[in-house]
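# Fold and contact review
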Amino acid sequence: MTSLARDRLVGAVLLVVAIVWIALVLRTFPPAMVDSPTSSRTFPLASGIGLAVLSAIVLFGTFLPKKDGAEAGKVITVDALEWRSIAATFGFMITYFVALKYVGFVLATLVVLAAFLFFVLGKRSPWLLIGYPAGFAFGVWFILGKLMAVYLPRGELINLF
Amino acid sequence: MDIFLHALAESLSWQSVAATFFGAIVGLVFGAIPGLTYSMALAMVLPITFTMSNTPAIAMLLGTYIGGMTGGAVSAILIGVPGTPSAAATVLDGEKMARQGKASIAIGIATISGCIGGVLSLMVMLVSVDALARVAISFGPAEITALVVFGLSTICGLSGGSLVKGLIGGVIGLMLMNIGQDPIDAVPRFTFGFTTMLQGVDLLVAMIGLFAVPHVVSVLATYWRGKELHIQTGDVRTEMPSFRLLISQKWNFLRSAAIGTIVGAIPGTGGPIAAFLAYDQAKRWSKTPETFGKGEVAGVVAPEASNHAVTGGAMIPLIGLGIPGDPATAIILGGLLIHGIQPGPLLFMEKPDVISSIYILFVLAYAITTLIQLFGVRVFVKALSIPPHLMAIGILVMCVIGSFAIRNSLFDVGVMCIVGFIAYWLIKAQIPVTPILLGLVLGPTLERESRTALIMSEGDMSIFVTSGPALAFWVLAVVIVAGQFIASMRERKAARTALAKPNEPAAIQETTA
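Model, not experiment: these values are computed from the prediction. (Residues numbered from 1 in each chain as written. Chains lettered and ligands numbered in written order. Predicted model: local features only at pLDDT ≥ 70, side-chain atom pairs only at ≥ 80, totals over all residues. Heavy atoms only, no water.)

All right, on to the state of the cysteines then. Residues and elements named next belong to chain B. Tallied over the entire structure, the rule returns 0 disulfides over all chains. Summary of cysteine pairing: Cys399 is not part of a disulfide, and the nearest cysteine sulfur, belonging to Cys417, is at 8.9 Å. According to the relative accessible area criterion, Cys399 is buried, its value standing at 0%. (Disulfide = S-S within 2.5 Å. Buried < 20%, exposed > 50% of the residue type's maximum accessible area, 1.4 Å probe, protein only.)

With that settled, consider the environment of Glu143 of chain B. All names here are of chain B. Mapped onto the elements of the fold, Glu143 is located in helix α7 (residues 141-153). Each C-alpha atom, one on Glu143 and one on Arg490, is 33 Å from the other, the two residues being 347 residues apart in sequence. Residues contacting Glu143, with those up to four places away along its chain left out, are Ser467, Pro469, Ala470 and Phe473. A distance of 2.6 Å separates polar atoms of two side chains, one belonging to Glu143 and the other to Ser467. (Helix = DSSP H or I, 4+ residues; strand = E, 2+ residues; numbered from the N terminus. Contact = heavy atoms within 4.5 Å. Polar contact = N/O pair within 3.5 Å; in protein donor to acceptor, adjacent residues only side chain to side chain.)

This paragraph deals with the confidence of the model for chain A. In low-pLDDT segments, the atomic positions of the prediction should not be examined closely. Chain-level statistics for chain A give a pLDDT mean of 88 and a share of 94% at 70 or above. Looking across chain A, the model is least confident in helix α3 (residues 69-72) of chain A, with a mean pLDDT of 60, and most confident in helix α2 (residues 42-61) of chain A, with 94. (pLDDT = per-residue confidence, 0-100.)

Turning our eyes to something else, we now look at the interface of chain A and chain B. Residue-level contacts link 63 residues of chain A with 67 residues of chain B. Interface area for chain A against chain B, summed over the two sides, is near 5700 Å², with a carbon-plus-sulfur share of 81%. The three residues of chain A that bury the most area against chain B are Trp21, Phe43 and Met93 of chain A, which together make up 12% of that side's buried surface. Scanning the region where chain A abuts chain B turns up 4 salt bridges. For Glu82 of chain A, the salt bridge goes to Lys428 of chain B, with nearest N and O atoms at 2.8 Å. Linking chain A to chain B there are 15 residue pairs in polar contact (both at pLDDT 80 or more). Contributing elements (two or more residues each) for the side of chain A that touches chain B: α1 (3-28), α2, α4 (80-120) and α5 (126-147) of chain A. Ranked by residue count, the leading element in the side of chain A that touches chain B is α4 of chain A, at 21 residues. (Buried area = accessible area lost by both parts, 1.4 Å probe. Salt bridge = Lys/Arg side-chain N within 4 Å of Asp/Glu carboxyl O.)

Attention shifts here to the pattern of salt bridges. Residues and elements named next belong to chain B. For the coordinates displayed, the defined rule picks out 12 salt bridges over all chains. A salt bridge links Glu449 to Arg448; the shortest N-O distance between them is 3.6 Å. Through salt bridges with shared partners, one network takes in Asp182, Asp185, Arg189, Glu447 and Arg451.

The next point concerns the environment of Glu296 of chain B. Residue and element names in this part refer to chain B. Within the secondary structure, Glu296 is located in the loop between α14 (271-285) and α15 (298-321). Taking the C-alpha atoms as reference points, Glu296 and Cys399, 103 residues apart in sequence, are found 41 Å from one another. Setting aside its immediate chain neighbours within four residues, Glu296 contacts Asp93, Met97, Thr288 and Thr291. At 2.8 Å, the side chain of Glu296 forms a polar contact with the side chain of Thr291.

See the structure below:
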């Protein structure tokens, strides 16, 4: 995808978001009372219109003749490795989120970190696979959970400590 | 005097000292590792402050901020890669000194220079914040609206490229802020029937998603591409510079600190600009300008004194007006708001002890950071050798725990993931995320004050421009936006000229032939 095509896509997506936003504001928020100059609609509507105008500038700007053609034609790609890192990051967060809900902080951190190191990052050193998750889980549990009394997630099914 | 003594006792309590120490270490480590920023460190430590009382919480935030600024010089000197953008100018002479076998003294000079620059900026801050607050105390809703618009206009300075895309970022921040309960009529907005949505997108959850998650994605991609930076630092010590050497740099300290404080006080500028300006001035005023770039001591003193002075300068609009000038101060503002502290002129009347505590903690943070850097650099520099991908998954765990700890809600963890996902694609689309943060931080004040002003004037829009200060802020906002627009046009023109130049000889040859 060229940078011109990217800007066209970004402008179009944001314009759609702005239109949906404005429609939701008009349909779901009550209008201002007769004697009131503002309402709960005022600010969201102004922001929605602002986004619509700015995204329209980006979108229609891509149809204007470009003087710096090299910049507009610059190819931007999202390669397989980048998709892999996106999937790994958000996959980790979703898995960790679910694990926290059912098995609590310590067990979820131990298991999910070790699994991520082994399956996703391909680590095979037993010291790393055991030491890193255990050090991290118990370190955070002790410093944040015990010393600083920060509430850590407790599991619905199992809960260590 | 009683207020000051009370603040002093609170600030020097073991909790505050421990919190500053912890914050300074986190800041130094995050600052020293290229790619990790102190904004990210601040977003990471903020959830830890929830269970603390106000003074230790502020101590931890200031410790992290100042530690992060100081840490950047370590990697700049040792490996020639700045840990933070503010330390980029330190590379020029710092790395040359390290190559000449003077790494220890270079780190020592950088640390002491940073501390002197920071403390000098505090002196300016002490005088100007009070004066600024005295003026701002008379501001009504219309003036505050204009002031916030002026603050938002700095989006242009933070956009780092396209003005329109920077403004889009700011508007997205304002839109995210609209989610939840309306601050005046208490009408639920975009909650879709979920009671958890009534509180809206939490500022801290958004910060973590915006700053930390996209970083992790890019670190993992770099790891799988096999382009990860492996840093071997060897044995590092810090050597104290002699008193004579420090005295010989007195004008350099004063000049650089003045530059840093002034630049820091202007919203949307920040450390890198201050550091390069100070470096340039040090070279101009030097009797031996030819030695700059070859391991000149003054070339380390100037950027470090200047970028640290930015911390004091940036606190002037933050404390005096409640306007953050850069991502780090925006996160600090968020942290203060979470603790029920609303920076601005009213704070001077309502909570003068907090103002005194901020000044004392500022000095404490510099003292502790300097001591850790001078005596502990051998230990914490080992963090540079931790592979970034291992650091990244640790950050990811802290992102999840941090967003959960805010309201003990897994719902917030989900919001953080979504914000992080959106932030990643916005960055890919070259829409900067810092303006989103600014929109989120300043949006509630903008809505509340502008609507109050309109209610007061019964819908008459002229209320926003009738007073002198309001008009001045509007003019400043227009000047900033116009200035940025003109600057970006000039940059484009210069880029086109640069692109066209290589073709010129070919065209001449064709004509000749």
